[in-house]
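# Examination of the molecular architecture
Below are the chains, spelled out letter by letter.
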Amino acid sequence: GFGSGVPLDPEGRIQEACTRWKKENFFGGAISINGHAGEAFNVRHRETLEANPQMRAYDVYPTSHVPWSEIMKPDANDPSLQALWIADRLADYSPSRFAISVEPADGGGFCVCPWCTAHDRASSQVFGLAKRVADALNDQHPGAMVSLFAYNEHAAVPADPTLQTWLSDSNANVYVMAIPYAFQRTGLSGDELAAAWAAAKPNNRGIYDYWAIPDWAYCLPSENFARNANKIRYWKSLGYDGFLAESSTSAGSVGLLWHSTGRWMFDSNDAIESVRESIYTNAFGPAARPMKRMIERWGREFLLCDLEIGRSFLDMAE
């Protein structure tokens, strides 16, 4: 992870190198979609939330609210909670920011009271609170945006007709980052959920995906060019205009994948093979053939074993 005090990178050199690489490959820019805001909200208002159990989600209705924790969820139907959440989020507004996050804390544990479960439980709770903040923000700063994920228990398009109407309005001041390919419990495939959000929201929506994150891939090769190129083409065909990924900064694991991803994000019609060939030729020159053989083998199915290590040493020697 990045940030201050990371033992592996105490002086921030890895982070600086990664930032420089992203700029040189035209990744990132003025638009930044922030993530979970609920944890900071819970910590910031801990005293109030502990003293007012009605603000916290019911875990057993009508007898029990969840205890305070950094990742606790609110009772979205409580007026005092709504007012506190709106005030907290509006205080985060800056005219230089693309959007303010209204994404709750990570994980599950959403309220089970009758109002919160009237439609589809988590999605209507999360997007209902998002709309309240968006409306209040628009009153104070017309056109300013809120952003949130369609993720985990709230990955589905809300079943509440009022929220569906709001999301379908091309002028709605909300940016939705759909997360279809992991941690979603809709019963739909990743592609199906991406299509569902494309149908529900005509604009201001992006895709969030997990490409070889260290927690899963351990910085070993695990992503192939063709699969991810075709994903980008599919998302563009659905009208998605943004992409955010959790990934590794390991050049050996995903460096060439991310370089090619930059190419496909600019022009998704670039032929997969021509992009790969240009990378091998430009990066490795006369060593293009053995490097291509090794990297393509890694992308198909990498297994850290004696046979693969031996093959890789032979490729490098050649």
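These remarks concern the structure in this document. (Residues numbered from 1 in each chain as written. Predicted model: local features only at pLDDT ≥ 70, side-chain atom pairs only at ≥ 80, totals over all residues. Heavy atoms only, no water.)

Turning next to the nonpolar core. If you look at the biggest cluster of nonpolar residues, it comprises 72 residues, and the most contacted ones within it are W197 and Y240. Per element, the largest residue contribution to this core is nine residues, and it comes from helix α5 (residues 122-140). The next biggest cluster of nonpolar side chains, apart from the first, holds twelve residues, and it includes I33, A99, M145 and Y210. (Core = buried A, V, L, I, M, F, W, Y, C linked by side-chain atoms within 4.5 Å. Buried < 20%, exposed > 50% of the residue type's maximum accessible area, 1.4 Å probe, protein only. Helix = DSSP H or I, 4+ residues; strand = E, 2+ residues; numbered from the N terminus.)

A few words on helix α12 (residues 288-300). For α12, with 13 residues, the first-to-last C-alpha span of 18 Å sits near the 18 Å given by 1.5 Å per residue. The set of residues buried in α12 consists of A288, P290, M291, M294, I295, E296, R297, W298 and G299. Buried residues along α12 sit in contact with α9 (225-237), α10 (251-266), α11 (272-284) and α13 (306-317). (Expected span 1.5 Å × (residues − 1). Contact = heavy atoms within 4.5 Å.)

Our next topic: a nonpolar patch on the surface. Where nonpolar side chains cluster on the molecular surface, the patch consists of L304, I309 and F313 and spans about 330 Å² of accessible area. Positionally, I309 belongs in helix α13. Owing to a relative accessible area of 36%, I309 belongs among the partly exposed residues under this scheme. (Patch = residues over 30% accessible without salt bridge, like charges linked within 9 Å, V, L, I, M, F, W, Y side chains within 5 Å. Areas by Shrake-Rupley, 256 points an atom, 1.4 Å probe, with all protein chains shown as cover. Salt bridge = Lys/Arg side-chain N within 4 Å of Asp/Glu carboxyl O.)

The subject of this paragraph is the pairing of strand β6 (residues 205-211). Among the seven residues of β6, seven are classified as buried, and the element is accordingly described as predominantly covered. Since strand β5 (residues 174-178) and β6 lie parallel, the crossover through helix α7 (residues 190-200) that links them has a hand, and here it is right-handed. Where β6 and strand β7 (residues 242-247) come together, six bridges link them in parallel fashion. Along β7, the bridge assignment pairs G206 with G242. (Right-handed = clockwise from strand over helix to strand, strands pointing away. Pairing = 2+ DSSP bridges.)

Below, the discussion takes up the packing of α5 against helix α6 (residues 161-168). Across the interface, α5 lies against α6 with an axial gap of 10 Å and an inter-helix angle of 55°. As the angle between them shows, α5 and α6 are arranged oblique. Here α5 runs over α6; the crossing is left-handed. Residue-level inspection shows S124, F127, G128, A130, K131 and A134 of α5 in contact with α6, the latter providing L163, W166 and L167. For the contact of α5 with α6, the residue count by class is six nonpolar, two polar and one charged. (Axes fitted to C-alpha atoms, helices over the stretch in contact; angles between N-to-C directions. Parallel < 35°, antiparallel > 145°, perpendicular 65-115°, else oblique. Left-handed = near helix turned anticlockwise from the far one by under 90°. Nonpolar A, V, L, I, M, F, W, Y, C, P; charged D, E, K, R; others polar.)

Each full turn of the α-helix corresponds to 3.6 residues, which orients residues three or four apart in the same direction. Those residues of α6 not exposed but buried are L163, W166 and L167. In a view along the axis of α6, the buried residues occupy a sector of 95°, so they form one face of it. Next to the buried residues of α6 lie α5, β5 and α7. Of the residues that open α6, the one with a side-chain oxygen 2.9 Å from the backbone nitrogen of T162 is D160. (Arc of directions from axis to C-beta. Polar contact = N/O pair within 3.5 Å; in protein donor to acceptor, adjacent residues only side chain to side chain.)

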